[in-house]
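Examining the three-dimensional arrangement
This is what each chain is made of:
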Amino acid sequence: LGFWSDPFCMRDFSRPVLALAIPRLLCGLLFFLLGMYCNSVSQAWLQKNIAEHYKQKWPSKGQKILWDVTFQHLPSVGSTRPADVFATGAPVLLVLRFVVLPGPLSLRWTILRRWLLVWGFIWFIRAATIIVTPLPNPDETCQPIISYPDNIFLEGFAIIVLGDLTCEDVMFSGHTVALTLAMLFLFRYS
């Protein structure tokens with residue numbers, strides 16, 4: 001079968017296939033969302049408890065910044081928007097290729113479920129890693145946007161839903177995770 005004989009693989013939307021795929025997909029989605037929320041609560045905790053740590057430790061020297069070759073040798077970028085767009089590009093390609101246009105020999109539900117499950121595990125690992133390895137943020141222009149400063153659990157939801165911003169989760173890059181995981185799935189299943 002050629003790709004263009006059924007680029008959307010309409011067979012994936014038949015009752016028997018959906019009856020098998022939907023419960024598994026929902027489990028993967030739930031695990032992903034739980035990991036994302038746990039990670040967001042960790043970010044909120046860091047912002048609440050660690051934000052002034054380095055300034056208090058070394059008040060006369062100001063913000064401590066760990067040396068980074070890219071910050072040292074590349075020109076300063078005025079916004080994090082390019083990183084956001086770059087990190088979003090690979091997951092969008094993955095969804096377009098395997099969910100929207102999977103072709104007649106589709107693994108749509110399998111790939112989507114595995115992607116959500118692996119990304120969920122990575123959210124949980126990131127949640128623990130950013131708590132145990134807080135580092136000073138090399139971006140001195142980062143300004144946190146916090147809706148619930150006294151409640152890390154509500155702030156966890158605000159980070160996901162409202163797009164609140166924290167500045168203390170710099171050890172384990174969520175942008176790198178999104179980009180790398182999507183590219184690994186594209187390479188593995190293409």
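Rules behind the numbers
- Residues numbered from 1 in each chain as written.
- Predicted model: local features only at pLDDT ≥ 70, side-chain atom pairs only at ≥ 80, totals over all residues.
- Heavy atoms only, no water.
- Core = buried A, V, L, I, M, F, W, Y, C linked by side-chain atoms within 4.5 Å.
- Buried < 20%, exposed > 50% of the residue type's maximum accessible area, 1.4 Å probe, protein only.
- Helix = DSSP H or I, 4+ residues; strand = E, 2+ residues; numbered from the N terminus.
- Contact = heavy atoms within 4.5 Å.
- Disulfide = S-S within 2.5 Å.

1. Here we look at the nonpolar core
Counting 21 residues, the largest nonpolar core has Phe-32, Leu-94, Leu-112, Trp-115, Trp-119, Leu-181 and Phe-185 as its most contacted members. For this core, the element with the most residues is helix α5 (residues 108-132), which contributes eight residues. In contact with Leu-181, not counting residues within four places along its chain, are Trp-115, Val-118, Trp-119, Ile-122 and Thr-176. Judged by nonpolar contacts, the second largest core, of five residues, contains Tyr-37, Val-41, Ala-44 and Ile-152.

2. Focus on the state of the cysteines
One pass over the full model with this rule turns up one disulfide. Put simply, Cys-142 and Cys-167 are joined by a disulfide, and their sulfur atoms are 2.0 Å apart. Measuring the twist about the S-S bond at about -85 degrees, one finds the Cys-142-Cys-167 disulfide to be left-handed. Taken as a pair, Cys-142 in the loop between α5 and α6 (152-161) and Cys-167 in the loop between α6 and α7 (174-189) lie far apart in primary sequence, 25 residues in all. Accessibility assignment for this pair places Cys-142 and Cys-167 in one class, buried. This cysteine, Cys-27, is not joined by any disulfide, and Cys-38 carries the nearest cysteine sulfur, 18 Å off. Of the residues examined, Cys-27 reaches a relative accessible area of 55% and is grouped as exposed. The exposure class assigned to Cys-38 is partly exposed, which follows from its relative accessible area of 29%.

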